[in-house]
Amino acid sequence: MSERDLQRRSVQYRQALLRLIRTAKAGHTGGDLSCLDILNVLYNRILRVGPETFKGPDHDHFIQSKGHCAEALFVVLADRGFFPEKDLETLNRYGSHYIGHPTREVYGVEQNTGALGHGLAVAVGLALAGKMDRKDYRVFCLLGDGELAEGSNWEAAMTAAHYRLDNLVAIVDRNGLQITGSTEDVCQLSPLDEKFAAFGFGVQRCNGNDIGELVRTFEAVPFRPGKPSVVLAKTRKGKGVSFMENVAKWHHGVPNEEEFNRAMSELEAAQAALA
Amino acid sequence: MEPAQANLEVFSATLLELARQNPDLLVVTSDSRGSAKLAPFAKAVPGQIVEVGIAEQNLVGVAAGLAAAGKTVFAVSPACFLTARALEQIKNDLCYSDRPVKVVGISAGVSYGALGTTHHSLHDYAVLRAIHNVTIVAPADGFESREAVRAAAQLPAPVYLRFGKKRMPHLPRVDAGFALGKASLIRQGRDLSFLACGETVAPAFEAAELLAKEGVECRVLSLHTLKPLDYEAVRRAATETGGVITAEEHSVSGGLGEACAALLLQEGIHTRFKIMGFPDDHTVTGSQDEIFRHYGLDGPGLAATARKLLAKR
């Protein structure tokens, strides 16, 4: 898929996401929108996995440690054909597998997540098994930046470096906001690049809402031979909807009808500009 | 009964046997290969041990990832840390995610004796019993330890295996076989039943032998599988004998005793009943034997409890 096509796809995903959240009357809207471009590039350009190969042993793996943004993952998985889009109409409904956090009941989801600070260790185990078995699959793990306050991430980071897991790629959705406010006000994370480098990672920053930059960055992994990689993807929470961008209250805000219509108008204009 | 071998040593020897047959069997450990008696394993099959350092949360997460790739994984660490510090990883990464990792808690209960409460694991049955999709096993002796490890390796589901450090006697048994979820009949008797698990089965048997000299015949069951509990064996013990004493190296809250009590009460079975374990209090320290004696979990202590219970009308 060309970069232009990917850009158009991102806008479509944002529209689908807002429709989904509006129908379900729930969702982590801000974080969903910040990481959508990352998921788009991964699933449409980078990951060697699809609905046909998902059950096989040798595909690339993706673990969404940032589990509260399940809606974004579901939108992308549905578009990639893992399950019919209409299934998402049951999101958060009684008895549905499509719930607020990823579960393996949903075809295409690798690991149950939601509690933060869990995904990276599981990704390390998968990557380590790949090395032991001399397989060429890679393991990508998407983390939220606020999630990095969980110490389990740094335990996993040490193990990843110790075992020289250059088949592991951690991606930090660095939108700078968490539910209470700025990540730096809540518990200072910076300098993340120096921290990950000190933990033994090859580090690259990129604009996590720029399709071209994401493609080039992911195509360059591993950044350092024999080291795990981390992509510090600078994003904007609520990206793509002007009044949601960089506003903490949209962490899990649900738009009312007027807000929804305004957001969709903006996205239609963005789509038209890409035509 | 002469002490034979520590259950933990049987575990490590059995694991090595299995690892030699299955190159996909891995042990993940958190700087505990020495205390887990895994040094011979590491020497014999060095490619099958993964060290993550002192990091129990990571231990379980990495084990989940290895299991996701098809490995048979034993995650080994002191029980006190593994089932407290990494409880959420056990719950989410293994049980909720259906990753069939074998979580092995070593030096469990009060094995660490004088190291104090930080190193005692008297909560693990309670917390794990409340989590869906984990089989909880506390073998009594070498035979049960060997069979439990073999059975756990075959089970396509998460298992918690609990081992102490003490050398345990080989127990006589009425039932020759072993199956997860099925109590082992150690001694037949109609006057009273001791329902025990792990390293309290041997003192329960000792108590039964002491009482036999007084003409009181006690049934002794090893309820090595706390979950799923062998309900039928518990029911029969309560209805076929004159009372039930449960014995466990665990808090009286949420362990074997409460599991049996809840079952019997809900079934409408009323009998003389006593839960022997650790009270809801700071734990006394000392050797494991001294601590058992302090709380009446040794042979003479359990026999004394039996006499009192039988005297009740």
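Owing to the predicted nature of the structure, the values given are computational and were not obtained by experimental measurement.

A. Spotlight on the overall build of chain B. Of the regular secondary structure elements, chain B holds 12 helices and 14 strands. Its C-alpha atoms give chain B principal-axis dimensions of roughly 60 × 40 × 35 Å. The 313 residues of chain B split such that 60% are buried. For chain B, contacts bridging at least 24 residues in sequence account for 76% of all contacts bridging at least 6. A total accessible area of about 11,600 Å² is found for chain B, and carbon and sulfur atoms account for 51% of it.

B. Representation of the overall build of chain A within the structure. When helices and strands are counted, chain A shows nine helices and seven strands. Here the C-alpha radius of gyration of chain A, 18 Å, is about what a compact globule of 275 residues would show, namely 19 Å. In terms of principal-axis extent, the alpha carbons of chain A reach across some 50 × 45 × 40 Å. Out of the 275 residues belonging to chain A, those deemed buried represent 59%. Restricting to contacts in chain A with at least 6 residues of sequence separation, those with at least 24 account for 75%. Considering chain A, the positive charge centre built from 32 side chains and the negative charge centre built from 35 side chains are found 2 Å apart.

C. Highlighting the interface of chain B and chain A. Counting from both sides, the interface comprises 26 residues of chain B and, opposite them, 24 residues of chain A. The contact between chain B and chain A buries some 1,900 Å² in all, and 50% of this surface belongs to carbon and sulfur atoms. Interface area lost by chain B to chain A is led by Asn58(B), Tyr96(B) and Arg99(B), which between them contribute 24%. Lys71(B) is paired through a salt bridge with Asp133(A); the nearest N and O atoms lie 2.6 Å apart. Those elements giving two or more residues to the side of chain B that touches chain A turn out to be strand 3 (49-51), helix 3 (56-68) and helix 5 (87-96) of chain B. In terms of residue count, helix 3 of chain B provides more of the side of chain B that touches chain A than any other element does, nine residues in total.

D. Geometry of helix 9 (residues 231-240) of chain B. Residues and elements named next belong to chain B. Residues of helix 9 that are buried include every one of Ala233, Val234, Ala237 and Ala238, and no others. The arc enclosing the buried residues of helix 9, seen along the axis, measures out at 130°, which places them on a common side. Elements that come into contact with the buried residues of helix 9 comprise strand 10 (192-196), strand 11 (218-222), strand 13 (244-251) and helix 10 (256-266).

E. Structural context of the environment of Leu8(B). Residue and element names in this part refer to chain B. Within the element layout of this structure, Leu8 appears in helix 1 (residues 7-21). Given a relative accessible area of 1%, Leu8 falls into the buried group. Taking C-alpha positions, Leu8 is 16 Å from Ala202, a pair spaced 194 residues apart along the chain.

F. Structural view of the side chain of Thr225(B). Residues and elements named next belong to chain B. Counting through the fold element by element, Thr225 comes out in strand 12 (residues 225-227). Here the side chain of Thr225 touches Gly181 through a polar contact of 2.9 Å, landing on its backbone nitrogen. In contact with Thr225, not counting residues within four places along its chain, are Thr135, Ile136, Val137, Ala179, Leu180 and Gly181.

G. The arrangement of the confidence of the model for chain B in detail. In the predicted model, chain B carries a mean pLDDT of 96, and 99% of its residues have values of at least 70. The ipTM, which scores confidence in the relative placement of chains, is 0.96 for this predicted complex, and the corresponding pTM is 0.96.

H. Geometry of the nonpolar core. If you look at the biggest cluster of nonpolar residues, it comprises 77 residues, and the most contacted ones within it are Leu168(A), Phe196(A) and Leu66(B). Among all residues touching Leu168(A), those that are not within four sequence positions of it are Leu120(A), Ala123(A), Val124(A), Ala127(A), Val139(A), Ala160(A), Pro228(A) and Ser229(A). One finds Phe54(A), Leu73(A), Val106(A) and Ile211(A) within the second-largest nonpolar core, a separate group that totals 59 residues.

I. Structural context of the packing of aromatic side chains. Residues and elements named next belong to chain A. This model, assessed by the stated rule, comprises 15 aromatic pairs over all chains. Pairing Phe196 with Phe201 gives two aromatic rings, centres 5.3 Å apart and planes at 65°, and the pair type is edge-to-face. Considered together, Phe196 and Phe201 belong to a single accessibility category, that of buried residues. Among the aromatic side chains, those forming a connected cluster through ring pairs are Tyr43, Phe54, Phe62, Phe82 and Tyr107. Above the face of the Phe260 ring, Arg22 is positioned so that its terminal group lies 4.3 Å from the ring centre.

J. Broad picture of the pattern of salt bridges. All names here are of chain B. Counting across every chain of the model gives 32 salt bridges over all chains. Two residues, Glu17 and Arg150, come together in a salt bridge whose shortest N-O distance is 3.2 Å. Remark: Arg150 occurs in helix 7 (residues 142-154) and Glu17 occurs in helix 1; sequence separation between them is 133 residues. The exposure class assigned to Arg150 is partly exposed, which follows from its relative accessible area of 32%.

K. Quick look at the sheet that holds strand 12 of chain B. Residue and element names in this part refer to chain B. On the basis of which strands lie adjacent, the open sheet formed by seven strands has the order 3-2-4-5-7-6-12 and mixed pairing. The outermost strands of the open sheet, each flanked by one partner alone, are strand 3 and strand 12. Averaged over all pairs of adjacent strands, the angle between strand axes in this sheet comes to 20°, irrespective of strand direction. Pairing analysis gives four bridges linking strand 5 (residues 102-106) to strand 7 (residues 159-162), with the strands arranged parallel. Across the sheet, residue Lys102 finds its bridge partner in strand 7, namely Val159.

L. Molecular detail of the sheet that holds strand 11 of chain B. Residue and element names in this part refer to chain B. Spatial strand order, 9-11-10-13-14: five strands in an open sheet with mixed pairing. Each of the sheet's edge strands pairs with one partner strand only, and the pair in question is strand 9 (184-187) and strand 14 (273-278). When strand polarity is set aside, the average angle formed by the axes of neighbouring strands in this sheet is 25°. For strand 10 and strand 13, the ladder comprises four bridges, and the chain directions are parallel. Pairing of Ser193 across the sheet is with Val244, part of strand 13. Across the face of the sheet, helix 9 comes into contact with strand 10, strand 11 and strand 13 while running at roughly 170° to strand 11.

M. Broad picture of the environment of Val60(B). You can see Val60(B) is positioned in helix 3. The spatial distance from the C-alpha of Val60(B) to the C-alpha of Leu180(B) is 23 Å, given a sequence separation of 120 residues.

N. Examining the packing of helix 1 (residues 3-24) of chain A against helix 9 (residues 257-273) of chain A more closely. Residues and elements named next belong to chain A. Relative to each other, helix 1 and helix 9 sit at 170°, their axes nearing to 10 Å. Considering the angle they form, helix 1 stands roughly antiparallel to helix 9. Counting all contacts with helix 1, which are made through Arg4, Arg8, Val11, Gln12, Arg14, Gln15, Leu18, Arg19 and Arg22, the residues of helix 9 involved are Glu257, Phe260, Ala263, Met264, Leu267, Glu268, Ala270, Gln271 and Ala273. Its residues assigned to classes, the contact of helix 1 with helix 9 shows eight nonpolar, three polar and seven charged.

O. Seen up close, helix 5 of chain B. Listed in full, the buried residues belonging to helix 5 of chain B are Gln89(B), Ile90(B), Asn92(B), Asp93(B), Leu94(B) and Cys95(B). Buried residues along helix 5 of chain B sit against helix 4 (119-132) and helix 5 (152-162) of chain A together with helix 3, helix 4 (79-85), strand 5 and helix 6 (124-129) of chain B. Once helix 5 of chain B finishes, Asp98(B) follows within two positions and takes phi at roughly 55°, a positive value.

Calculation criteria
Residues numbered from 1 in each chain as written. Chains lettered and ligands numbered in written order. Predicted model: local features only at pLDDT ≥ 70, side-chain atom pairs only at ≥ 80, totals over all residues. Heavy atoms only, no water. Helix = DSSP H or I, 4+ residues; strand = E, 2+ residues; numbered from the N terminus. Buried < 20%, exposed > 50% of the residue type's maximum accessible area, 1.4 Å probe, protein only. Contact = heavy atoms within 4.5 Å. Areas by Shrake-Rupley, 256 points an atom, 1.4 Å probe, with all protein chains shown as cover. Rg over C-alpha atoms; globule rule 2.2 N^0.38 Å. Lys, Arg positive; Asp, Glu negative; His and termini not counted. Charge placed at Lys NZ, Arg CZ, Asp CG, Glu CD. Buried area = accessible area lost by both parts, 1.4 Å probe. Salt bridge = Lys/Arg side-chain N within 4 Å of Asp/Glu carboxyl O. Arc of directions from axis to C-beta. Polar contact = N/O pair within 3.5 Å; in protein donor to acceptor, adjacent residues only side chain to side chain. pLDDT = per-residue confidence, 0-100. Core = buried A, V, L, I, M, F, W, Y, C linked by side-chain atoms within 4.5 Å. Phe/Tyr/Trp six-rings, centres within 6.5 Å; stacked < 30°, edge-to-face > 60°. Lys NZ or Arg CZ within 6 Å of the ring centre and 35° of its normal. Pairing = 2+ DSSP bridges. Axes fitted to C-alpha atoms, helices over the stretch in contact; angles between N-to-C directions. Parallel < 35°, antiparallel > 145°, perpendicular 65-115°, else oblique. Nonpolar A, V, L, I, M, F, W, Y, C, P; charged D, E, K, R; others polar.

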